[in-house]
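Structural characterization, general
Here is what each chain is made of, one letter per residue.
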Amino acid sequence: MQRAMEIGRRCAQTSLPVLLVGERGVGKDWLARQIHGGSSRATGVWSKLQGSAATPDSLADQFHRAYGGTLYLEDIDQTSCAVQAQLRSLVEPLVAAGNNLSEALKAHPRLIASTACDTADLLGRQLIHQELYFLFSPASIYIPPLRERVEDIPEFVEFFLSRAASTITSELKLSLTQESLKKIVRYDWPGNLEQLQSCILRAALLSDGCDLEIDPEIDYAPFGKSRTDSQQSADPVDDRSASQSVVVKSSNNLPIDLSELTRYLVSRGIIEADKARL
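A few points on the structure. All values derive from a computational prediction rather than experimental measurement. (Residues numbered from 1 in each chain as written. Predicted model: local features only at pLDDT ≥ 70, side-chain atom pairs only at ≥ 80, totals over all residues. Heavy atoms only, no water.)

**Quick word on the overall build of the protein chain**
Looking only at helices and strands, the protein chain features 13 helices and 8 strands. Across the 278 residues of the protein chain, 50% fall into the buried class. When the accessible surface of the protein chain is summed, it comes to about 13300 Å², and 49% of that surface belongs to carbon and sulfur atoms. (Helix = DSSP H or I, 4+ residues; strand = E, 2+ residues; numbered from the N terminus. Buried < 20%, exposed > 50% of the residue type's maximum accessible area, 1.4 Å probe, protein only. Areas by Shrake-Rupley, 256 points an atom, 1.4 Å probe, with all protein chains shown as cover.)

**Details of the nonpolar core**
Judged by nonpolar contacts, the single largest core of 25 residues is most densely connected at Ile153, Val157, Leu176, Ile184, Trp189, Leu196 and Ile200. Setting aside anything within four residues of it in sequence, one finds Leu196 in contact with Leu146, Phe156, Val157, Phe160, Ile184 and Trp189. Counting 24 residues, the second-largest nonpolar core is a separate cluster that includes Leu19, Leu49, Leu73 and Val91. (Core = buried A, V, L, I, M, F, W, Y, C linked by side-chain atoms within 4.5 Å. Contact = heavy atoms within 4.5 Å.)

**Some thoughts on the sheet that holds strand 1 (residues 18-21)**
An order of 2-3-4-1-5 is seen for the 5 strands of this open sheet, with the pairing classed as parallel. Across the chains shown, the open sheet's two edge strands, defined by having one partner strand only, are strand 2 (46-50) and strand 5 (140-142). Strand-to-strand, the axes of this sheet are offset by a mean angle of 20 degrees, without reference to chain direction. Inspection of the sheet shows strand 1 paired to strand 4 (residues 110-115) by 4 bridges, in the parallel sense. Within strand 4, the position partnered with Leu20 by the bridge is Ser114. Helix-sheet contacts for helix 1 (residues 2-12) involve strand 1, strand 4 and strand 5, and the interaxial angle to strand 5 is about 160 degrees. (Pairing = 2+ DSSP bridges. Axes fitted to C-alpha atoms, helices over the stretch in contact; angles between N-to-C directions.)

**As for empty space enclosed by the protein**
Gaps left between atoms are located by rolling a probe of water-molecule size over the structure's atoms. Summed over all chains, the structure comprises 1 cavity of 30 Å³ or more. Of the volumes computed, that of the largest cavity is approximately 40 Å³. Around the largest cavity, the lining residues are Leu59, Leu71, Leu73, Leu87, Leu111, Ile112, Ala113 and Phe136. Those elements that place two or more of their residues in the lining of the largest cavity are strand 3 (70-74) and strand 4. Broken down by element, the lining of the largest cavity gets its largest block of residues, 3 residues, from strand 4. (1 Å grid on protein atoms, 1.4 Å probe; cavity = no way out; pocket = protein on both sides within 12 Å on 5 of 7 lines; lining within 4 Å. Points joined across faces, edges and corners; volume = space filled by probe spheres on them.)

**Re unusual backbone geometry**
A negative phi angle is the norm for most residues apart from glycine, just as the trans form is the norm for most peptide bonds. Located in the positive-phi region is Gln126, a residue other than glycine, with phi close to 55 degrees. Considering the arrangement of structural elements, one finds Gln126 in the loop between helix 7 (119-124) and helix 8 (130-136). Positive phi, close to 60 degrees, is recorded for Asn192, a residue that is not glycine. Asn192 gets classed as buried once you look at its relative accessible area, which sits at 0%.

**Focus on the pairing of strand 6 (residues 173-177)**
Burial analysis of strand 6 places 4 of its 5 residues in the buried class, which makes it a mostly covered element. As defined by bridge partners, strand 6 adjoins strand 7 (residues 211-212) across 2 bridges and the pair is classed as parallel. From the neighbouring strand, Ser175 faces strand 7, where its bridge partner is Asp211.

**Some remarks on the pattern of salt bridges**
The tally for this structure, following the rule as stated, stands at 9 salt bridges. Among the salt bridges present, the one from Glu131 reaches Arg88, with a minimum N-O distance of 3.8 Å. Placement of Glu131 in helix 8 and of Arg88 in helix 4 (residues 81-90) is noted, with a sequence separation of 43 residues between them. Here Glu131 falls in the partly exposed class, since its relative accessible area comes to 34%. Taking the relative accessible area as the measure of exposure, Arg88 reaches 27% and is therefore partly exposed. Each of Glu6, Arg9 and Arg10 takes part in one network of salt bridges that share partners. (Salt bridge = Lys/Arg side-chain N within 4 Å of Asp/Glu carboxyl O.)

**Description of the side chain of Thr70**
Mapped onto the fold, Thr70 is located in strand 3. Separated by 2.7 Å, the side chains of Thr70 and His36 make a polar contact. Not counting chain neighbours up to four residues away, the residues in contact with Thr70 comprise His36, Arg41, Val45, Trp46, Ser47, Arg110 and Ile112. (Polar contact = N/O pair within 3.5 Å; in protein donor to acceptor, adjacent residues only side chain to side chain.)

**Comments concerning the packing of helix 9 (residues 153-166) against helix 10 (residues 178-186)**
Taken N-terminus to C-terminus, the directions of helix 9 and helix 10 make an angle of 120 degrees; their axes are 10 Å apart at the nearest point. When the axes of helix 9 and helix 10 are compared, the pair comes out oblique. When the axes of helix 9 and helix 10 are compared, the crossing they make is right-handed. Here Ile153, Pro154 and Val157 of helix 9 come into contact with helix 10, specifically with Leu181, Ile184 and Val185. (Parallel < 35°, antiparallel > 145°, perpendicular 65-115°, else oblique. Left-handed = near helix turned anticlockwise from the far one by under 90°.)

What follows is the structure in structure tokens.
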């Protein structure tokens, strides 16, 4: 994630179109917001358009509305041929700009697109027109799935416990046993952060007390599975007694506030303070 944040910081200092690549739930929307917020367009319009729901007219409307700001096209691989043709028409001045590309970019909204597809599939399966792919690909950012950054999971668990507590009562304290935390770390989380948040919130809602017992392999079978010992890297959960718990106190309300998550990640050292706003 640190690498993705660093590339995002560099992209924010330019007007280049950005392509965010990663599985569903890894934080593509969050990073897109960070790029917008860390750029010279931060005070401009933030406009988001879902690829499968986009039409040529809605794309043109959002594109012109986002001048001086950012247009975020979510799931660009799900856009129709007609929408992609409209997008190519709208960005044609960029393609034809040549040596004047920098000035042409400043005259357009910042474009950020996302996809859950592998970049090789985008062209191989003709999910995106070649011209658009080459426009976005110089500033593509891969966001790894949660199973590839297991060292971050305990910190995200604490954050989501706090968020779950605040949806029930402002005075409630939720705890998670060490055994449950180990099970969470060993699970492969195919739904990534969205699934982790959902799992913890569900456990908090169904629990009769404040001590949560979570076994995602049972709760989400056959959706995901735990990694075997040979698949696991160093376990980020130490060997403290299983009776010990991760305890957090409630804060604000769901859904996740992006600025709060950023501050939390900085406080825990997951991202660097000078790069928090990119």
